[in-house]
Structures are given as structure tokens and as C-alpha cells.
Amino acid sequence: GKFPYVGIAKFESEEYPDVIIYSTIGLSAQNMPTVDLFHKDYLDYARIELVIAVRKLPGDKSESWVPHFLGELVKFPWNMVKWLGVGHTISMNRRDPDSLYLNFTSAILIKELTPVNHPDIKLSKTPDLSGLITESNQPVNFLFIQPINDEEAYYMRAEGSKALLNLFAEKGIGWVHNSEREGLL
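Calculation criteria
Residues numbered from 1 in each chain as written. Predicted model: local features only at pLDDT ≥ 70, side-chain atom pairs only at ≥ 80, totals over all residues. Heavy atoms only, no water. Helix = DSSP H or I, 4+ residues; strand = E, 2+ residues; numbered from the N terminus. Rg over C-alpha atoms; globule rule 2.2 N^0.38 Å. Axes fitted to C-alpha atoms, helices over the stretch in contact; angles between N-to-C directions. Parallel < 35°, antiparallel > 145°, perpendicular 65-115°, else oblique. Contact = heavy atoms within 4.5 Å. Salt bridge = Lys/Arg side-chain N within 4 Å of Asp/Glu carboxyl O. Buried < 20%, exposed > 50% of the residue type's maximum accessible area, 1.4 Å probe, protein only. Pairing = 2+ DSSP bridges. Polar contact = N/O pair within 3.5 Å; in protein donor to acceptor, adjacent residues only side chain to side chain.

Caption draft 1: Broad picture of the overall build of the chain. The number of helices and strands found in the chain is five helices and seven strands. Start at the N end of the chain and walk to the C end: the helices and strands fall as β-β-β-α-α-β-β-α-β-α-α-β. A compact globule built from 185 residues would reach a C-alpha radius of gyration of about 16 Å, and the chain, at 16 Å, matches this within 12%. Each of the three principal axes of the chain carries a C-alpha extent, and together these read 40 × 35 × 30 Å.

Caption draft 2: Structural view of the packing of helix α4 (residues 150-159) against helix α5 (residues 161-170). For the pair α4 and α5, the least separation of the axes is 6 Å and the interaxial angle reads 130 degrees. Judged on the interaxial angle alone, α5 and α4 are oblique. Contacts from Glu152, Tyr155, Met156 and Glu159 of α4 reach α5 at Ser161, Ala163, Leu164 and Leu167.

Caption draft 3: Up close: the pattern of salt bridges. This structure, assessed with the given rule, holds seven salt bridges. Of the charged contacts, one joins Glu12 and Lys56 as a salt bridge, the two residues approaching to 2.7 Å between their closest N and O atoms. With Glu12 in strand β1 (residues 7-12) and Lys56 in the loop between β3 (48-55) and α1 (66-73), this pair connects stretches of sequence that are 44 residues apart. Glu12 sits in the partly exposed class, given a relative accessible area of 48%. Residue class for Lys56 comes out partly exposed when judged on its relative accessible area of 33%.

Caption draft 4: Highlighting the pairing of strand β5 (residues 104-110). Buried residues dominate β5, accounting for seven of its seven residues. Relative to β5, strand β4 (residues 89-91) runs antiparallel, the two sharing three bridges. Paired with Ser91 across the bridge in β5 is Ser106. Where β5 lies against strand β6 (residues 141-149), six bridges are found, and the strand directions are antiparallel. Across the sheet, the residue bridging to Leu109 is Ile145, located in β6.

Caption draft 5: View of the side chain of Ser28. In this structure, Ser28 sits in the loop between β2 (19-25) and β3. Overall, the relative accessible area of 10% leaves Ser28 in the buried class. In this structure the side chain of Ser28 is engaged in a polar contact, spanning 2.7 Å, whose partner is the side chain of Glu49. For Ser28, the contacting residues outside a window of four places in its chain are Arg47, Ile48, Glu49, Thr134 and Val140.

Caption draft 6: Just the environment of Ala9, in detail. Mapping Ala9 onto the fold places it in strand β1. Separated by 15 residues in sequence, Ala9 and Thr24 have C-alpha atoms that sit 6.3 Å apart. Discounting chain neighbours no more than four positions away, the residues touching Ala9 are Ile21, Tyr22, Ser23 and Ile25.

Next up, the structure:
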């Protein structure tokens, strides 16, 4: 099928003053392809919106890559006839120009992440965006994008996405992408 018409919105919230949030709008207008082949209760997984939150940095360059990255991702399920869900990884064709230590080449999709050692309690837990439903009463799943490097992607393929998400939690990395973070391994 064809992918739906989608917009990309940029938010700056009073609740998260040091964060810029980008989200797709409209991706959930139709079911992603092939979800029904993997889940009996596919309607619980079929509609998504993608969110990436980035830490505000001096001279922030997120507008130079995040909207383009999201714009490429929204076509993926329909172009590749594959669905996107929690724990899935995707290649990043757009590079984060603010990255200091790591070359983020992939991203993992997260629904919930609660780090145990996060320095800012507000940013520690993934925001609860549940409750949004489509016109046909289907739940919309907001998947948060967290960029990862090659070593982290390799670890995830070897140990599984839960193991990688546990490392995120142990290292205090939450739902907000930090261009200046160091590697997990």
C-alpha cells in the first residue's frame, strides 16, 4: 500500500525546558503492513507515531537532521513492507552533527525506559503518551527513537534488545537523545 500523508512537528515544552521534541503526525492514520503476520492482537501494534527528543545544546543543529531522518522513516513500513515496533532497530542515514564521541549509525525504538541512575528525575521516565486512539478506536503507540552506535547495535544483535535497554537504564540514559553521551560498552 501507500504510506499515509505525514507531518513532522517540533515541540518545546515548559515541562522539559532543555529538550526539543520532534514527532510525526499522521503516521497512525493507517495500519502498518505485515503486523498481522506477527501478532494475533495486531491492532494493538499496527498504528504508531515516532518521537525523537534531543537535548538542547548551544548552537543546536537538530533541525538539520532530525526532520529529514523522521521524513525518511515514515516511508519505511510501506516501502519495505515491514512494520516498526518496540526493540526494532533502524539505520540512520542522517548523521547527528552535534555528536562528540560517537558515530550514531542506527537507532532503537523504545516505548518505555526508566533509567535507574538518571541525574534529572523529570527526564528519567519516558512520558506517558498512551490514551490517544484513532477514529476506528485503535490505540496509537508512540515509539521513541534513541540513536545507538555500531558497537551497541552489534551488542543488541548478539544479546537482544532487552539487554541493550537494560544497559541504557543502568547507565542512566533516558528517552532524550544526548549527542554528547559516551558509549554504553
